[in-house]
Amino acid sequence: EWLEYPIMLNAPGFGPFARDDFWSDSRHLGPDLGPKQVDRLSRYLRGGGFMFIEGNPWYLRKMVSNLRTALGGEGRLLRVPLDHPIYHSYYDFPGGFPGERRMRTDLSETSHDPWYYPDLATLYNSPYSGLWGVEWESELVAVFSPQQILGLAPPMINSAKLIGHEDVSREEMNTPWLRAATNIVVYALTRSGSVAEQRT
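Residues numbered from 1 in each chain as written. Predicted model: local features only at pLDDT ≥ 70, side-chain atom pairs only at ≥ 80, totals over all residues. Heavy atoms only, no water.

*Asks:* Which residues make up the overall build of the chain, and what values do they have?
*Replies:* The number of helices and strands found in the chain is 4 helices and 5 strands. Mapped from its N terminus to its C terminus, the chain presents α and β elements in the order β-α-β-α-β-α-β-β-α. When the 200 residues of the chain are sorted by exposure, 44% land in the buried category. Taking as baseline every contact in the chain between residues at least 6 positions apart, the subset at least 24 positions apart corresponds to 70%. (Helix = DSSP H or I, 4+ residues; strand = E, 2+ residues; numbered from the N terminus. Buried < 20%, exposed > 50% of the residue type's maximum accessible area, 1.4 Å probe, protein only. Contact = heavy atoms within 4.5 Å.)

*Asks:* So, unusual backbone geometry: which residues are in play, and what are the values?
*Replies:* Notably, E137 is not glycine yet its phi reads approximately 50 degrees, a positive angle. The topology assignment puts E137 in the loop between β4 (132-136) and β5 (139-145).

*Asks:* How would you explain the environment of L9 if you had to name every residue and give the values?
*Replies:* Following the sequence through the fold, L9 ends up in strand β1 (residues 8-10). Overall, L9 belongs to the partly exposed group, its relative accessible area being 35%. Separated by 44 residues in the primary sequence, L9 and I53 place their C-alpha atoms 6.1 Å from one another. Ignoring any residue separated from it by four or fewer positions in sequence, one finds L9 in contact with F14, G15, P16, F52 and L150.

*Asks:* Explain the nonpolar core to me, using residue names and the numbers behind them.
*Replies:* Soluble, globular proteins show a tendency: their nonpolar side chains are buried together. Formed by 27 residues in total, the largest nonpolar core has its most connected members in L41, M51, L67, V134 and F144. Looking at this core, the element that brings in the most residues is helix α2 (residues 57-70), giving 6 residues. Among residues more than four places away in sequence, those in contact with F144 are I53, L60, M63, V64, L67, L77, G130, L131, W132 and V134. Core analysis: the second largest hydrophobic core is formed by 18 residues, I86, F97, L131 and A188 among them. (Core = buried A, V, L, I, M, F, W, Y, C linked by side-chain atoms within 4.5 Å.)

*Asks:* Report on the confidence of the model for the chain, specifying residues and quantitative values.
*Replies:* Overall, the prediction assigns the chain a mean pLDDT of 79, with 71% of residues at 70 or greater. Across residues 157-165 the pLDDT falls below 50, and counting only partners more than four positions away or on other chains, this stretch makes 13 contacts in the model. (pLDDT = per-residue confidence, 0-100.)

*Asks:* Describe the pairing of β5, and please don't skip the residues or the numbers.
*Replies:* Counting buried positions along β5 yields 6 of 7 residues, so the element is predominantly enclosed. Sheet topology note: the strand β2 (residues 51-54)/β5 ladder contains 4 bridges and is parallel. Looking across to β5, one finds that M51 is bridged to A142. Two strands pair when backbone bridges link them, and β4 and β5 are joined in this way by 5 bridges, in the antiparallel orientation. Residue pairing in the sheet places V134 in a bridge with A142 of β5. Hairpin connection, β4 to β5: the antiparallel pair is bridged by 2 residues, and E137 has positive phi, about 50 degrees. (Pairing = 2+ DSSP bridges.)

*Asks:* Break down the sheet that holds β2 for me, citing the residues and quoting the values.
*Replies:* With mixed pairing, 5 strands are arranged side by side in an open sheet as β1-β2-β5-β4-β3. With one partner strand each, in any of the chains shown, β1 and β3 (76-79) form the two edges of the open sheet. Each strand axis lies, on average, 20 degrees off the axis of its neighbour in the sheet, ignoring direction. Relative to β4, β3 is paired through 4 bridges, and the arrangement is antiparallel. By the bridge assignment, L77 is partnered in β4 with V134. Its contacts with the sheet place helix α1 (residues 35-46) against β1, β2, β4 and β5, and it is angled at close to 125 degrees to β2. (Axes fitted to C-alpha atoms, helices over the stretch in contact; angles between N-to-C directions.)

Okay, here's the thing in structure tokens:
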């Protein structure tokens, strides 16, 4: 069944790897996948599937490790560049998704490991809060986001005009996140290698 899904959404509270102990603090640490789950994940990603993974730095770091294992270390992890189609697949986000900030230094240049991911202190305290992705055979097959796009949390950065004003509706506050989510889904459906049926 997995192999038929063009996109799967994952976060600490939901998705194919949601933990049963939802109310425990440990759910935020990410799932420990067994051999069967790793095999299923490997077949999904190699077969044209796409995963969007959201969570705190601890959850994301564990999921990076899980995907690295599933792909046998093939491919690489990278910061998704702002000119990538995921930022322009429907709505145009030339500066990144809502609330996203970029450091001038490319963190991935500080390591020779193609699966380099910032340590928790760097990721949690840095001004960079954007997307990281897994590239396999020159295609982006997974994206990691520390932002609350799926939870429709209003942008926390440069958001004074959205938050704290009675004349702004909840719908207006959610709009930037809904547009970002739209881009993610459209990209997953239209990207090269997707299992989605594409008609021209």
